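Coordinate inspection notes
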Amino acid sequence: MADQNSPDRRMMDLLHGRAAELGKGESLTPPIVNAAKYALPGAPDHAFPYGRFDNPTWKSVEAAIGALEDAETICFPSGMAAVTAALMACLKPAAKVLLPSDGYYTVRVLLDEFFNQHGIETTEIPTADMTEHPVDGYDLVWIETPSNPGLDVCDIATIARRTHAAGGLVCVDNTTATPLLQGTLGLGADITVSSDTKALAGHSDVLFGHVSSRDAALMERVRNWRKLSGSTPGPAEAYLAYRGLMTLELRLARMCESAASLANLFYSHKAVQAVRYPGLANDPSFKVASIQMAKPGFVIGVTFADEATAEKFITDCPAIFAATSFGGIQTSAERRARWGDAVPEGYVRLSVGCEPAEALFAAIEQTLGTL
Ligand SMILES: *Cc1c(COP(=O)(O)O)cnc(C)c1O
């Protein structure tokens, strides 16, 4: 039998967990419950008193993601709504936060523009330095691994051990890996967030996010934040995330396998100056990634000579959508410098999709040959 914590076991729980609560004649899929009001005679003590407090469709997707995380899970209408909820749950007045300087840009802007004015102090350091950096005096260590867009990796277990010894909390943004490829809470993180807009829902048709933790007091604060701030997902969006999630393992298997062979193609191709992929044996992320990740993922960083070559690669390749974001079923790519990220002008973040592997490889190889 599969180990209780293996990805296979968790995926089986995710796919079959609903069976336990199904009555005869009920649908295998969760209903989309469009409810602002629920019948509530007498004392207001039911689990569903009002639409902003809870919703049966949220509960279904939370149970499914919770099976993957092996932890209590609360869903949100976007990744940033989940990030905000985790910050609100973890931070006290004048808290000090250690933050990656090369992680998701919007998290840094959110702290700068809204949290810092309430006395929260942030220190930014590169993800590559995170494992070794002193953590004394920080109330929260926020990490993102692999980092987006640079694909550096830090050691979650080591950071959690050191931060806990110094009295702080660790939150991991696990968007790039998803909980199937990287069990952040099992590695010691106190709380984890994900933009499920990316690979978890996976079809580029919904914004969604979640927060998970095994710390009941933290989750109480996360739940209260959702209820009081009104940061609530629509039931139809919750259903789309649920539906996408059902094929996560299947999609990731194809995406990661194609990414591994494409990373080798880029690595050996003369049109490419540099490649970042945590699965390449000489990548700076390889050692830690191979310990803490089940697979090295589906995002590849490819550096071309300059902006023009990078743009030509993206627009000429018929198997690549020119689009921001990542984790969808269609391969997509963009030059991250166009957003002002601190990467070379020719740096392309490629999100490998679910196309037939050989057709995708051939299309990309063909385009590389024209550069
Ligand atoms: C996209 C992303 C987010 C924000 O998610 P949204 O769903 O767009 O709000 C947060 N963190 C990381 C690492 C992301 O890639």
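Fair warning: this is a prediction, and the values are worked out from it, not measured in the lab. (Residues numbered from 1 in each chain as written. Predicted model: local features only at pLDDT ≥ 70, side-chain atom pairs only at ≥ 80, totals over all residues. Heavy atoms only, no water.)

**Quick notes on the overall build of the protein**
On a plain count of helices and strands, the protein comes out with 13 helices and 12 strands. Taking 21 Å as the expected radius of gyration for a compact globule of 371 residues, we find that the protein reaches 21 Å, a close match to that expectation. A principal-axis box enclosing the C-alpha atoms of the protein has dimensions of 75 × 55 × 40 Å. Each of the 371 residues in the protein was classed as buried or not, and the buried ones make up 53%. Taking all contacts inside the protein whose residues are at least 6 apart in sequence as the whole, residues at least 24 apart take part in 69%. Total accessible area on the protein stands at roughly 16200 Å², and carbon and sulfur atoms take up 56% of it. Mean positive and mean negative side-chain charge positions of the protein (30 and 43 charges, respectively) differ by 4 Å. (Helix = DSSP H or I, 4+ residues; strand = E, 2+ residues; numbered from the N terminus. Rg over C-alpha atoms; globule rule 2.2 N^0.38 Å. Buried < 20%, exposed > 50% of the residue type's maximum accessible area, 1.4 Å probe, protein only. Contact = heavy atoms within 4.5 Å. Areas by Shrake-Rupley, 256 points an atom, 1.4 Å probe, with all protein chains shown as cover. Lys, Arg positive; Asp, Glu negative; His and termini not counted. Charge placed at Lys NZ, Arg CZ, Asp CG, Glu CD.)

**Some remarks on the sheet that holds strand β5 (residues 169–173)**
Two orientations exist for strands paired in a sheet by backbone hydrogen bonds: parallel and antiparallel. With mixed pairing, seven strands are arranged side by side in an open sheet as β1-β7-β6-β5-β4-β2-β3. Two strands close off the open sheet at either side, each with one partner strand: β1 (72–76) and β3 (121–125). The sheet shows a mean angle of 20 degrees between the axes of neighbouring strands, taken without regard to direction. Bridge count between strand β2 (residues 96–100) and strand β4 (residues 140–144): two bridges; the pairing is parallel. By the bridge assignment for β4, Val97 is matched with Leu140. Across the sheet, helix α6 (residues 156–165) lies against β4 and β5, angled at about 155 degrees from β5, the strand it touches most. (Pairing = 2+ DSSP bridges. Axes fitted to C-alpha atoms, helices over the stretch in contact; angles between N-to-C directions.)

**Let's talk about the side chain of Glu62**
Mapped onto the elements, Glu62 comes out in helix α2 (residues 56–69). Separated by 2.9 Å, the side chain of Glu62 and the backbone nitrogen of Cys75 make a polar contact. Within polar-contact distance, the side chain of Glu62 engages the side chain of Arg226 at 2.9 Å. Setting aside chain neighbours within four positions, we find Glu62 in contact with Thr73, Ile74, Cys75 and Arg226. (Polar contact = N/O pair within 3.5 Å; in protein donor to acceptor, adjacent residues only side chain to side chain.)

**What to know about the sheet that holds strand β11 (residues 332–335)**
Within the open sheet, the five strands sit side by side as β8-β9-β12-β11-β10. Their pairing is mixed. Across the chains shown, the open sheet's two edge strands, defined by having one partner strand only, are β8 (274–276) and β10 (321–322). Direction of pairing for strand β9 (residues 299–303) relative to strand β12 (residues 347–351): antiparallel, over a ladder of five bridges. Directly across from Gly301, in β12, lies its bridge partner Arg349. Of the strands in this sheet, β10, β11 and β12 are in contact with helix α12 (residues 307–316), which crosses β11 at around 165 degrees.

**Quick word on the site of the ligand**
Around the ligand there are 14 residues in total, and Gly79, Met80, Asp173, Thr197 and Lys198 lie nearest to it. For the ligand, an oxygen atom lies 2.8 Å from a polar atom in the backbone of Met80. (Near = heavy atom within 4 Å.)

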